[in-house]
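# Descriptive analysis of the structure
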There are 2 protein chains.
Amino acid sequence: MRATVMYGAGDVRVEDRPAPAIEEDTDAIVRVVRTCICGSDLHPYHSMAASSDGTTMGHEMIGVVEQTGDLVSTVTPGDLVIAPFAFSDNTCDICLDGFQTACPHGGYFSTCQSEVVRVPQADGTLVVAPATEDEAILKSYLALSDVYLTGYHAAFMGKVEPGKSVTVIGDGAVGLSAVLAASRMGADRIILMGRHTDRTDLGRDFGATDVVAERGQEGVEKVRSMTDRQGTHVVLEAVGHMAAYEQSYGVVRSGGVISRVGVPQYEDAPVGFMSLFGRNITLTGGPAPVRAYLEQGLKDVTSGLINPGQLFDVTLPLDEAPKGYELMDSRKALKVMLKP
Amino acid sequence: MRATVMYGAGDVRVEDRPAPAIEEDTDAIVRVVRTCICGSDLHPYHSMAASSDGTTMGHEMIGVVEQTGDLVSTVTPGDLVIAPFAFSDNTCDICLDGFQTACPHGGYFSTCQSEVVRVPQADGTLVVAPATEDEAILKSYLALSDVYLTGYHAAFMGKVEPGKSVTVIGDGAVGLSAVLAASRMGADRIILMGRHTDRTDLGRDFGATDVVAERGQEGVEKVRSMTDRQGTHVVLEAVGHMAAYEQSYGVVRSGGVISRVGVPQYEDAPVGFMSLFGRNITLTGGPAPVRAYLEQGLKDVTSGLINPGQLFDVTLPLDEAPKGYELMDSRKALKVMLKP
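Nothing here was measured: the structure is a model prediction, and the numbers come from that model.

The next subject is the overall build of chain A. Across its full length, chain A carries 11 helices and 19 strands. Whereas a compact globule of 340 residues would reach a radius of gyration of roughly 20 Å, chain A reaches 20 Å, a difference of no more than 12%. If you line up chain A on its principal axes, its C-alpha atoms span 60 × 40 × 40 Å. For chain A, the proportion of its 340 residues judged to be buried stands at 60%. At a minimum sequence separation of 6, the contacts of chain A that also span at least 24 residues come to 69%.

Right, dumping it as structure tokens:
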């Protein structure tokens, strides 16, 4: 089968690799219908050390079930399914708490930018979607695999609700998803911090009430001046760099919440009296337990309430994955969908 | 009047200082009935640079109102009052959110270990308590000024409730208060990490179901072994040192909450993928908005539901404050009450 493999920073190739097969009775084999490139894939694209073996890429996909292990009961061959970017048993205490990305029997996908994927814990992982050939619907299904529900997770952990003001940091696909989710949850005001007009325009369509193009201390001052110098109840941080973290505690209101879904590119950060503690700021977030939100997200898509598929502005054949990486890295594309 | 003044690490004196007077129409002058030494006073006791001016000490007190400014309407001379360790207007947006320690018109007391205190924002700060000469009740009133409600704040921000398991880190007066508050909120299990038997015994009286004397990685392993290797839903961190922070993320369950009320003796700490983010750990807490919880705390004391005054194991005359610091620093006293 064809698979996307990264051999080092900037070196992405699509090549033949052995197709996966059932290994455990709880596995399913899924033929990929659509997959995509994630903003988080750009981190290794910038920094991966060169290797001769290469690393398969991709953690987002929708597909059709081809084969199931003997213990799989919730999906059958022919089903169109959405795969969260992490697999999980969905029955353990941690999954029942709603944190499937920390399931002790789970893990992250890493081969989805290919033609065929082995899905461990198929019953706990896959969700069947109504069959369709409508490209717009397929895009929205694919957005439920990670990007939209990652934005949703930020808003969920930030306890966005009517009466709350929200700042979203980052106008990438996850940031725009966070805007859409915050709007869906009834936030009074959504300030989107981003400087790419085509993206912030989509952000306005998704529900942003204000856009702040300034960054760093200038951006912090702008948001504070717009909020009686208080900042907003919630900050949804969808970038992952230290500058975005510092911006977050600059614009959050005392007693408020910073909810992170941008994968932190740092381990240590300020949390003491001068940053979080002194003003009772809560820090939350992490890898989105997409599985916890998938059924509801699917209802919202099929009912037409949300259309997160709008985030995909470029579609390429799988074999052109390297071009997709280039387009996203140069910000010529917001989010690239790949068709095997 | 007599006042406690610190002139440098280990150098505490009680000396004559000018008595305060009304400065603003919103002030009250309060004659101190009981005050006390806080665990956080030991940080400067260990590290304050020597000075010739000295720094007045103390942020906890109950007292009798002597005089009020023209705009004060909720307290009158003769009232027995409890003062939270921070003053606040209790009318602004931030106070109404329940975060009075971040009130833009507020601040921290710093002269309570003395005979008379000026209370700014008296209407927003002081709460009248039923008059009493019962020493046990006075102790519990005094505990509402900071220590018990600081423990309560930890549990409140950690969302302790029936069905939740809790680890409390620290067997000082705040840690034991957190145990009492978590028990009051109906936690299923309360594991107290502490190694002073006389203190952990009081912790058991307050509701701790388990005591773990081990510290560091050994302590983490012990708690994990007691909880199916999962850790507890909530960790209440009542110490403030980095070792306690590291212990916190070691014993917290995936998706759980670390709630800090020990004043952090660090600014930067691990918050990235390997510590908080990867397992969706929430970090919360800060200086307790005692004022938000004071009426309910007072009801719980007067109804006999809680008896946080038990935390005071030594009472000294105000003039012996230096001895009180020594006793607390050497852990010969859990918490020292001072009588002017």
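Moving on, we get to the packing of helix α8 (residues 216-226) of chain B against helix α9 (residues 242-251) of chain B. Packed helices, taken two at a time, are described by their axes: the angle between them and the distance between them. All names here are of chain B. Running from N to C, α8 and α9 cross one another at 25°; their axes reach a closest spacing of 9 Å. Relative to α9, α8 is oriented roughly parallel. Both α8 and α9 take part in a crossing whose hand is right-handed. The segment α8 lies against α9, with G216, V220, V223 and R224 engaging Q247, G250 and V251. Residue composition of the contact of α8 with α9, by class: 3 nonpolar, 3 polar and 1 charged.

Our next topic: the sheet that holds strand β2 (residues 11-16) of chain B. All names here are of chain B. The strand order β2-β1-β4 describes an open sheet built from 3 strands, whose pairing is antiparallel. Only two strands of the sheet have a single partner each, and these edge strands are β2 and β4 (55-56). Sheet topology places strand β1 (residues 2-8) next to β4; 2 bridges connect them, and they run antiparallel. Residue pairing across strands places M6 opposite T55, the latter belonging to β4. Packed onto the sheet, helix α11 (residues 321-329) meets β1 and β2 and runs at close to 160° relative to β2.

On to the interface of chain B and chain A. On the side of chain A, 42 residues touch chain B, which itself brings 42 residues to the contact. Roughly 3,300 Å² of surface becomes buried between chain B and chain A when both sides are summed, with 55% attributable to carbon and sulfur atoms. Of all residues in chain B, the largest losses of buried area upon contact with chain A belong to E267, F277 and N280 of chain B, amounting jointly to 22% of the total for that side. At the boundary of chain B with chain A, the tally comes to 2 salt bridges. Of the charged contacts, one joins D97 of chain A and R253 of chain B as a salt bridge, the two residues approaching to 2.8 Å between their closest N and O atoms. Summed over the shared surface of chain B and chain A, the number is 26 residue pairs in polar contact (both at pLDDT 80 or more). Contributing elements (two or more residues each) for the side of chain B that touches chain A: α2 (93-96), α5 (147-157), β15 (252-260), β16 (268-270) and β17 (282-285) of chain B. When its residues are assigned to classes, the side of chain B that touches chain A shows 20 nonpolar, 15 polar and 7 charged. Pairing of strand β16 (residues 268-270) of chain A with β16 of chain B, which is carried by 3 bridges, proceeds in the antiparallel orientation.

Here the focus is the state of the cysteines. All told, the structure shown has 0 disulfides over all chains when counted by the stated rule. C95 of chain A provides the cysteine sulfur closest to C92 of chain A, a residue in no disulfide bond, and the two sulfurs are 3.7 Å apart. C92 of chain A gets classed as buried once you look at its relative accessible area, which sits at 14%. C38 of chain B forms no disulfide, and the closest cysteine sulfur to it belongs to C36 of chain B, at a distance of 7.3 Å.

Attention shifts here to the environment of P84 of chain B. All names here are of chain B. The residue P84 is located in the loop between β6 (80-83) and β7 (86-87) in this model. The exposure class of P84 is buried, given its relative accessible area of 1%. Sequence separation between P84 and F109 is 25 residues; the distance between their C-alpha atoms is 8.6 Å. Ignoring anything within four residues of it in the chain, the contact list for P84 reads H59, F109, T125, S145, V290, R291 and L294.

Under the feature "domain: Alcohol dehydrogenase-like C-terminal" (unreviewed entry), the UniProt entry names residues 173-285 of chain A. Structurally, residues 173-285 of chain A is divided into 38% helix and 27% strand, and its ends, taken at the C-alpha atoms, are 17 Å apart.

Residues and elements named next belong to chain A. With 4 of its 5 residues buried, strand β12 (residues 189-193) lies for the most part within the structure. For the segment spanning strand β11 (residues 165-169), helix α6 (residues 173-184) and β12, crossover handedness is right-handed. In terms of strand pairing, β12 meets strand β13 (residues 210-212) through 3 bridges, oriented parallel. By the bridge assignment for β13, I191 is matched with D210. Chirality of the crossover, the property in question, places the unit of β12, helix α7 (residues 197-206) and β13 among those that are right-handed.

Here the UniProt-annotated "domain: Alcohol dehydrogenase-like N-terminal" (unreviewed entry) positions come out as residues 25-123 of chain A. End C-alpha to end C-alpha, residues 25-123 of chain A measures 11 Å, and it is 12% helix and 31% strand.

Moving on, we get to the pattern of salt bridges. The full count for this structure, using the stated rule, is 32 salt bridges over all chains. Between K222 of chain A and E214 of chain A there is a salt bridge whose closest N-O contact spans 3.6 Å. By relative accessible area, which is 24% here, E214 of chain A ends up partly exposed. For D11 of chain B, the salt bridge is made with R13 of chain B, and the minimal N-O distance between the two is 2.9 Å. Note on D11 of chain B: relative accessible area 27%, which makes it partly exposed.

With that out of the way, let us pick up the packing of α5 of chain B against helix α6 (residues 173-184) of chain B. Residue and element names in this part refer to chain B. Contact geometry of α5 with α6 gives a least axis separation of 7 Å together with a crossing angle of 55°. The orientation of α5 relative to α6 falls into the category oblique. In the crossing of α5 with α6, the sense of the turn from one axis to the other is right-handed. Of the residues in α6, those touching α5 at V147, Y148, T150, G151, Y152 and A155 are A173, V174, S177, A178, L180, A181, A182 and R184. Residues belonging to the contact of α5 with α6 are distributed by class as follows: 10 nonpolar, 3 polar and 1 charged.

Residues and elements named next belong to chain A. With respect to topology, 3 strands assemble into an open sheet ordered β2-β1-β4, the strand pairing being antiparallel. Only two strands of the sheet have a single neighbouring strand rather than two, namely β2 (11-16) and β4 (55-56). Inspection of the sheet shows strand β1 (residues 2-8) paired to β2 by 6 bridges, in the antiparallel sense. Bridge pairing in β2 links G8 to D11. Relative to the sheet, helix α11 (residues 321-329) contacts β1 and β2, its axis offset from that of β2 by approximately 160°.

Residues and elements named next belong to chain A. Sheet topology note: the strand β3 (residues 28-36)/strand β5 (residues 61-68) ladder contains 7 bridges and is antiparallel. Paired with T35 across the bridge in β5 is M61. Where β5 and strand β6 (residues 80-83) come together, 4 bridges link them in antiparallel fashion. In the strand pairing of β6, V64 is matched with L80.

Rules and cut-offs
- Residues numbered from 1 in each chain as written.
- Chains lettered and ligands numbered in written order.
- Predicted model: local features only at pLDDT ≥ 70, side-chain atom pairs only at ≥ 80, totals over all residues.
- Heavy atoms only, no water.
- Helix = DSSP H or I, 4+ residues; strand = E, 2+ residues; numbered from the N terminus.
- Rg over C-alpha atoms; globule rule 2.2 N^0.38 Å.
- Buried < 20%, exposed > 50% of the residue type's maximum accessible area, 1.4 Å probe, protein only.
- Contact = heavy atoms within 4.5 Å.
- Axes fitted to C-alpha atoms, helices over the stretch in contact; angles between N-to-C directions.
- Parallel < 35°, antiparallel > 145°, perpendicular 65-115°, else oblique.
- Left-handed = near helix turned anticlockwise from the far one by under 90°.
- Nonpolar A, V, L, I, M, F, W, Y, C, P; charged D, E, K, R; others polar.
- Pairing = 2+ DSSP bridges.
- Buried area = accessible area lost by both parts, 1.4 Å probe.
- Salt bridge = Lys/Arg side-chain N within 4 Å of Asp/Glu carboxyl O.
- Polar contact = N/O pair within 3.5 Å; in protein donor to acceptor, adjacent residues only side chain to side chain.
- Disulfide = S-S within 2.5 Å.
- UniProt positions renumbered as here; feature names shortened; annotations may be inferred.
- Right-handed = clockwise from strand over helix to strand, strands pointing away.

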